[in-house]
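Understanding the architecture of this molecule
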Amino acid sequence: KAGVTQTPRYLIKTRGQQVTLSCSPISGHRSVSWYQQTPGQGLQFLFEYFSETQRNKGNFPGRFSGRQFSNSRSEMNVSTLELGDSALYLCASSVGTYSNQPQHFGDGTRLSIL
Amino acid sequence: GNSVTQMEGPVTLSEEAFLTINCTYTATGYPSLFWYVQYPGEGLQLLLKATKADDKGSNKGFEATYRKETTSFHLEKGSVQVSDSAVYFCAPPWDSNSGYALNFGKGTSLLVTP
């Protein structure tokens, strides 16, 4: 069974630009969550999508947005990039129905802002 | 909401030493508990899980017991190897109100020296 796939693996952008990251979940998984990981703050929750609807949202500004498609693939977008947005962005998928199910993580997209 | 308290580290051990990483949780009800591990340059991988009180999860020599009376889920390994060097995360328990909308924090960084 293929794992969670995130593309691209690395990105370099400059301040003020925008970026779109992609996540393909494990087949059959309907929940996709996004996290930001930095040395200072650790692994922080951004948002979760389930069946194309945003189900939960973390404490991030509106520059961070996402969406989920009918095939459960998800994208997140960050507009007006700031230096502090440099981080590893992780996507995780799960069956999404039961609390007993673990999350499955991709290897992340490393975003660097110059 | 549900949360965990986990020592941040870094923890440095010699090969074959005994490992304990403490994790205490707060949760409504009795959700499943999980430990994840992150190796350099990768995303998080599920290490082990326990689905109910007094359950012991185990994998790759690691163990953790779901202790309801002490609200703990401490990770242990009898003899660590250099290859166990990684960051370990005790996952915040799934919450029926917010789902996976929880921050993992910085985890515990483990360095095992030869």
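A few points on the structure.

Analysis parameters
- Residues numbered from 1 in each chain as written.
- Chains lettered and ligands numbered in written order.
- Predicted model: local features only at pLDDT ≥ 70, side-chain atom pairs only at ≥ 80, totals over all residues.
- Heavy atoms only, no water.
- Pairing = 2+ DSSP bridges.
- Helix = DSSP H or I, 4+ residues; strand = E, 2+ residues; numbered from the N terminus.
- Axes fitted to C-alpha atoms, helices over the stretch in contact; angles between N-to-C directions.
- Salt bridge = Lys/Arg side-chain N within 4 Å of Asp/Glu carboxyl O.
- Buried < 20%, exposed > 50% of the residue type's maximum accessible area, 1.4 Å probe, protein only.
- Contact = heavy atoms within 4.5 Å.
- Polar contact = N/O pair within 3.5 Å; in protein donor to acceptor, adjacent residues only side chain to side chain.
- Buried area = accessible area lost by both parts, 1.4 Å probe.
- Nonpolar A, V, L, I, M, F, W, Y, C, P; charged D, E, K, R; others polar.

**Notes on the sheet that holds strand E8 (residues 74–78) of chain A**
All names here are of chain A.
- Here four strands make up an open sheet; going across it, the order is E1-E3-E8-E7 and the pairing antiparallel. This sheet does not close on itself; its edge strands, each paired only once, are strand E1 (5–7) and strand E7 (64–68). On average, each strand axis in the sheet is inclined to that of its neighbour by 20°, with strand direction left out of account.
- Strand direction decides the pairing type here: E7 and E8, joined by five bridges, are antiparallel.

**Regarding the pattern of salt bridges**
- Across all of its chains, the model carries eight salt bridges over all chains by this definition.
- Across the pair Glu 75 of chain A and Arg 67 of chain A runs a salt bridge whose closest N-O atoms are separated by 3.2 Å.
- Judged by relative accessible area, Glu 75 of chain A falls into the buried class, the value being 16%.
- Notably, a salt bridge pairs Lys 56 of chain B with Glu 63 of chain B, separated by 3.6 Å at the nearest N-O pair.
- Given the relative accessible area of 33%, Glu 63 of chain B is considered partly exposed.
- One salt-bridge network, in which partners are shared between bridges, spans Arg 63, Glu 82 and Asp 85 of chain A.

**Thoughts on the environment of Lys 57 of chain A**
Residues and elements named next belong to chain A.
- Topologically, Lys 57 is positioned in strand E6 (residues 53–57).
- Leaving out residues up to four positions away in the same chain, Lys 57 has contacts with Phe 45, Leu 46 and Phe 47.
- A distance of 3.2 Å separates a polar atom in the side chain of Lys 57 from the backbone oxygen of Phe 60.

**Examining the interface of chain B and chain A**
- In this assembly, 21 residues from chain B lie in contact with 26 residues from chain A.
- Each partner contributes to the roughly 1,900 Å² buried at the junction of chain B and chain A, and carbon and sulfur atoms together form 52% of this total.
- Joining chain B to chain A, the criterion identifies zero salt bridges.
- At the junction of chain B and chain A, the tally comes to eight residue pairs in polar contact (both at pLDDT 80 or more).
- Of all elements in the fold, only strand E5 (33–38) and strand E6 (44–50) of chain B reach the threshold of two or more residues within the side of chain B that touches chain A.
- In the side of chain B that touches chain A, the residues fall into ten nonpolar, nine polar and two charged.

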